Amino acid sequence: GIAFKMLFMEYYQLRIAGNYTRSVSGGEGTSMYNDGADHLVDCEYSFLMYDVPVTIGLSIPFWKDIKIAFSCGLAYAYATYKNEFDDGTTVSKGEFTGWGLPLVILLEGEYFITDRIAVSSSLVYYRGSTKLIEDDTTSDGITDYARLNFTGYRYNAGITFYFMTI
């Protein structure tokens, strides 16, 4: 992702970012369900999300080379979730696309290498989901409903370049 920050009145920070998230590891497995007898079900799934968090908060400098920021706000999050379940006789598919406005809490730390370059790390918590949405896939003849849940922690690490010395 990418983030833009504006510091004002010495201690306040406005942060706008753009993030892209997708499932990389996992995505398939086997499960079991019981409708009077045990059945194995092969499962495949994927997740893709774009989000734009906007937060405002405090940015507190420590000494000359460390800055810690705490901020909160909202994010516009847009996601697509796909799944497929195959029990050997029936294949059920689902695709859900939706958006939400999760709450965002951010804790960020920066260590300045020079006046303009810092190593940064942040822990972000999102809380929220989409409304109940209908399955976009009708090829299996079944209509499903789901919510896309954006709730969870995100960890970011990177390099920050400041266009103006602070």
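Residues numbered from 1 in each chain as written. Predicted model: local features only at pLDDT ≥ 70, side-chain atom pairs only at ≥ 80, totals over all residues. Heavy atoms only, no water.

**Q** Explain the confidence of the model for the protein to me, using residue names and the numbers behind them.
**A** Scored by pLDDT, the protein has a mean of 87; 90% of the residues are at 70 or more. Strand S7 (residues 103-112) holds the highest mean pLDDT among the elements of the protein, 96, whereas strand S3 (residues 28-34) holds the lowest, 68. (pLDDT = per-residue confidence, 0-100. Helix = DSSP H or I, 4+ residues; strand = E, 2+ residues; numbered from the N terminus.)

**Q** I'd like a rundown of the layout of surface pockets, residues and numbers included.
**A** In this structure, the largest pocket spans a volume of roughly 840 Å³. Of all the elements in the fold, those that place two or more residues in the lining of the largest pocket are strand S1 (2-8), strand S2 (12-22), strand S4 (38-62), S7, strand S8 (117-127) and strand S11 (152-161). Here the element with the most residues in the lining of the largest pocket is S11; it accounts for eight residues. Class assignment of the residues belonging to the lining of the largest pocket gives a composition of 18 nonpolar, 10 polar and five charged. (1 Å grid on protein atoms, 1.4 Å probe; cavity = no way out; pocket = protein on both sides within 12 Å on 5 of 7 lines; lining within 4 Å. Points joined across faces, edges and corners; volume = space filled by probe spheres on them. Nonpolar A, V, L, I, M, F, W, Y, C, P; charged D, E, K, R; others polar.)

**Q** Would you mind going over the packing of aromatic side chains in detail, with residue names and values included?
**A** Per the counting criterion, the structure on display carries seven aromatic pairs. Judged by centre distance (5.5 Å) and plane angle (35 degrees), the rings of Phe112 and Tyr162 are tilted. Separated by 50 residues along the polypeptide, Phe112 in strand S7 and Tyr162 in the segment after S11 bring together distant segments of the chain. Across this residue pair, the class does not change: Phe112 and Tyr162 are buried. Arranged with centres 4.8 Å apart and planes meeting at 50 degrees, the rings of Tyr125 and Tyr153 form a pair that is tilted. Pair noted here: Tyr125 is in strand S8 and Tyr153 is in strand S11, with a separation of 28 residues, a long-range link. For Arg154, the ring lying beneath its charged end belongs to Tyr126, and the centroid distance is 3.8 Å. (Phe/Tyr/Trp six-rings, centres within 6.5 Å; stacked < 30°, edge-to-face > 60°. Buried < 20%, exposed > 50% of the residue type's maximum accessible area, 1.4 Å probe, protein only. Lys NZ or Arg CZ within 6 Å of the ring centre and 35° of its normal.)

**Q** Help me get a handle on the pattern of salt bridges, residues and values and all.
**A** The tally for this structure, following the rule as stated, stands at two salt bridges. For the salt bridge of Glu110 with Lys5, the shortest nitrogen-to-oxygen distance reads 2.5 Å. Of the two residues, Glu110 is situated in strand S7 and Lys5 in strand S1; the sequence distance between them amounts to 105 residues. For Lys5, a relative accessible area of 26% corresponds to the partly exposed category. (Salt bridge = Lys/Arg side-chain N within 4 Å of Asp/Glu carboxyl O.)

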